[in-house]
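Per-entry structural report
In case you want the letters, here they are:
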Amino acid sequence: MSLLVVGLSHRSAPVSVLERASLAADTQAKLLQDTLAAEPATEAAVLATCNRIELYADVDKFHAGVAELSTLLAQHSGVGLEELTPYLYVHYEDRAVHHLFSVACGLDSMVVGEGQILGQIKDALARGQELHTAGRLLNDLFQQALRVGKRAHSETGIDRAGQSLVTFGLQQLAAGADPALWAGGKRALVIGAGSMSSLAAATLARTGVAEIVVANRTRARADRLVEILQQGDDTAVRARAVEMSAVGDELTRADIVVSCTGSTGLVLTADALADALGVTLDAAPEAPAVTAVAPAPDDVDQHAAWVENGSAASAASAAHAGPATPRRVTVPAQSTGPVRLALLDLAMPRDIDGAAHRIAGVRLVDIESLAEASADAPMAADVDRVRTIVSDEVAAFGAAQRAAHVAPTVVALRTMAADVVAGEIARLDGRLPDLDEKQRAEITQTVRRVVDKLLHAPTVRVKQLASEPGGAGYADALRELFDLDPQTVAAVSRADLNDPNRGRS
């Protein structure tokens, strides 16, 4: 196994860079195809979300693989390699497995513990399978990541402590108030009808808004989302769909707007928002920026303690690994006064003009402000339990992969033994042609039992040894000892790889 991941996320890069580096669906497909065409890679998968872009590959050379994957990310994202490189991180082999499992559990999410990442990992796997870029290693890896994520959510309280990006965004819009009380009776406009917009609409419906209007470039998808909302048993929300051209009119009636589209440009400009509210943008003074101290993003425990106790100093005393290093973040201050329009921008790149915070009566929460305010981390005990699960699962995955590496050699050995038995029985038939069928069957069964008993202990043991760290060489030793044909072993590996039922859950 030579698994390599090269990527960037909200932990390594500013939102402005993530925004520019975002990959549309067709660009992701081209990236995967070009990665397979590159010499070091034999498999590839891309995990692209609103706050991360990661390229996974099975490579035969580490340094060449890093260089090639980094170059491909730069080419397809449109961000120059020199600019992109400082924000890239690299994980290899077991560290790459550990990283993806941590991501699947929500440990690396903007809002720690959120479960939406599981759907995004599932989509990444499906894309790799559809394009035939995900082979045995990445199929096994992503399938196991999904199981690990589900296990973390079922065995710990990380999903109760963590929140979805939508829920967290609504809490930020509510500014400390109960989101249900804050949103109750309001009119909401949802722009987009994809998975995140659908989640936002469902969350708003459960929160108690009076009406949801869905606008989407494809009217049929908006109609379908409205139909789903109206079929919900736990809500009584009014819902209707409109064309994108009607967004301007709907803004004049909306109290809450959630936008998440795949657009590469702004969906709502500051001028359009000002017009909807009947104010002049130029007349609205720009509020001064506020500098706040936030916890270092690379330690979830310290982050949780900082939130719970309200200071970086208390986090330092609560952390296991020493004091946290706080970072300073600059957040544009929102306009003062009553909020007439609350905006939640969940798109990457952004849908809503960042200058909207200058408009009187507007409160804007976007990916960048969510990253800076993502404070409600789970309690340290849940995080520790999830980390233990991840470590255990990484070890199990490595052992399974190493054992799988020796399996084709064991199969080839047993095939060779079966061929030897068949040859000897054929030779016996030539020497003793008068054997009846019962005698021949008994002799054949006896020879096969002898061979099976001789091979059983060494093949079981070699599988056990191969599953341990450093056990990859046992397959080579087995081939040498029994003079196995490498082409036969390779044929077994190809048959295993092409099995349509392999790796499916």
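Residues numbered from 1 in each chain as written. Predicted model: local features only at pLDDT ≥ 70, side-chain atom pairs only at ≥ 80, totals over all residues. Heavy atoms only, no water.

1. Some details on the overall build of the protein
Where we set the bar: A run of H or I in DSSP counts as a helix once it spans at least four residues, and a run of E counts as a strand once it spans at least two, with each numbered from the N terminus. Only protein chains enter the accessibility calculation, which uses a 1.4 Å probe. A residue is then buried if its area is under 20% of the maximum for its type, exposed if over 50%, and partly exposed in between. Contacts were defined at the residue level, with two residues in contact if any of their heavy atoms lie within 4.5 Å. Only the protein chains shown count as covering a residue, and every accessible area follows the Shrake-Rupley method with a 1.4 Å probe.
The helix and strand inventory of the protein stands at 21 helices and 12 strands. When burial is assessed residue by residue, the protein has 48% of its 505 residues classed as buried. Within the protein, contacts between residues at least 6 apart in sequence are counted, and of these 74% link residues at least 24 apart. Counting every atom, the protein has about 23700 Å² of accessible surface; 52% of that belongs to carbon and sulfur.

2. Quick notes on the pattern of salt bridges
Stated formally: For this analysis, a salt bridge means a side-chain nitrogen from Lys or Arg found within 4 Å of a carboxyl oxygen belonging to Asp or Glu.
The final tally for this structure, using the stated rule, is 20 salt bridges. The closest approach of N and O atoms between Arg52 and Asp108, which form a salt bridge, is 2.8 Å. Of this pair, Arg52 sits in strand 3 (residues 52-59) while Asp108 sits in the loop between helix 5 (94-104) and helix 6 (116-130), placing them 56 residues apart in sequence. In terms of burial, Arg52 and Asp108 fall into one category: buried. A salt bridge links Arg414 to Asp452; the shortest N-O distance between them is 3.7 Å.

3. Some thoughts on the environment of Glu372
Take Glu372: it is sitting in helix 17 (residues 367-373). The exposure class assigned to Glu372 is partly exposed, which follows from its relative accessible area of 22%. On a C-alpha basis, the gap between Glu372 and His10 in space is 9.9 Å, while along the polypeptide they are 362 residues apart.

4. Topic: the side chain of Thr49
Structurally, the position occupied by Thr49 is in strand 2 (residues 41-49). On the basis of relative accessibility, which here comes to 14%, the residue Thr49 falls in the buried class. Every residue in contact with Thr49, bar those within four places of it in the chain, is listed here: Ile117 and Gln120.

5. A short note on helix 12 (residues 219-231)
Keep this limit in mind: Given the number of residues in a helix, its expected span is that number minus one, multiplied by 1.5 Å. Our arc is simply the arc of the directions from the helix axis toward the C-beta atoms.
With 13 residues, helix 12 extends 19 Å between its outermost C-alpha atoms, agreeing within 8% with the 18 Å of an ideal straight helix rising 1.5 Å per residue. For helix 12, the complete set of buried residues consists of Ala222, Leu225, Val226 and Leu229. Down the axis of helix 12, the sector holding all buried residues measures 100 degrees, keeping them to one side. Exposed residues on helix 12 whose side chains face more than 90 degrees from its buried face are Ala220 and Gln231. Tucked inside the fold, the buried residues of helix 12 contact helix 11 (195-207), strand 6 (211-216) and strand 7 (238-243).

6. Focus on helix 14 (residues 270-277)
Looking only at helix 14, the buried set comprises Ala270, Leu273, Ala274, Ala276 and Leu277. Buried residues of helix 14, viewed axially, fall in a sector of 160 degrees; they line one side. Where the residues of helix 14 are buried, they touch helix 13 (247-251), strand 11 (341-345) and strand 12 (362-366). Following helix 14 by one or two positions, Gly278 has its phi on the positive side, about 70 degrees.

7. Notes on the confidence of the model for the protein
Worth spelling out the cut-off: In predicted models, pLDDT denotes the confidence assigned by the predictor to each residue on a 0 to 100 scale.
Summary statistics for the protein give a mean pLDDT of 80 and a share of 79% for residues scoring 70 or more. Confidence over residues 283-333 falls short of pLDDT 50; this stretch has 83 contacts with residues more than four positions distant or in other chains. Within the model, the stretch residues 500-505 combines pLDDT values under 50 with nine contacts to residues more than four positions away or in other chains.

8. Brief notes about the sheet that holds strand 3
Using the following cut-off: Any two strands with at least two DSSP-identified bridges between them are counted as paired. Only the stretch in contact is used when a helix axis is fitted, and all axes are lines through C-alpha atoms; the angle between N-to-C directions ranges over 0 to 180 degrees.
Ordered in space as 2-3-1-4, the four strands form an open sheet in which the pairing is antiparallel. Looking at which strands have only one partner, the edges of the open sheet turn out to be strand 2 and strand 4 (89-92). For this sheet, the mean angle separating the axes of adjacent strands, direction not counted, is 15 degrees. Relative to strand 3, strand 2 is paired through eight bridges, and the arrangement is antiparallel. Bridging from a neighbouring strand, Leu47 pairs with Glu54 of strand 3. Sheet contacts for helix 5: strand 1 (3-9), strand 2, strand 3 and strand 4; angle to strand 4, the most-contacted strand, approximately 115 degrees. Helix 7 (residues 136-155) contacts strand 1, strand 2 and strand 3 of the sheet and is inclined by roughly 30 degrees relative to strand 2.

9. Comments concerning the nonpolar core
Cut-off, in case you're wondering: In this text, buried Ala, Val, Leu, Ile, Met, Phe, Trp, Tyr and Cys residues form a nonpolar core when linked through side-chain atoms within 4.5 Å.
Ranked by size, the top nonpolar core spans 67 residues in total, and within it Leu204, Ile212, Ile256 and Leu346 carry the most contacts. Residue contributions to this core peak at six residues, all from helix 9 (residues 165-174). Ignoring any residue separated from it by four or fewer positions in sequence, one finds Ile256 in contact with Leu173, Trp182, Ala183, Lys186, Arg187, Ala188, Leu189, Leu204, Val209, Leu341 and Ala342. Within the second largest apolar cluster, 34 residues are counted, among which are Ile117, Leu138, Ile389 and Val394.

10. What about the environment of Gly184?
Positionally, Gly184 belongs in the loop between helix 10 (179-183) and strand 5 (187-191). A residue is classified by how much of its surface remains accessible, and Gly184, at 39% relative accessible area, is partly exposed. Separated by 26 residues in the primary sequence, Gly184 and Ala210 have C-alpha atoms spaced 6.8 Å apart.

11. Considerations on the sheet that holds strand 8 (residues 256-259)
Spatial ordering of the open sheet is given by 7-6-5-8-11-12, a layout of six strands whose pairing is parallel. Either end of the sheet is taken by a strand with one partner, and the two such strands are strand 7 and strand 12. With direction set aside, neighbouring strand axes in the sheet form an average angle of 15 degrees. Judged from the five bridges that link them, strand 11 and strand 12 form a sheet pairing that is parallel.

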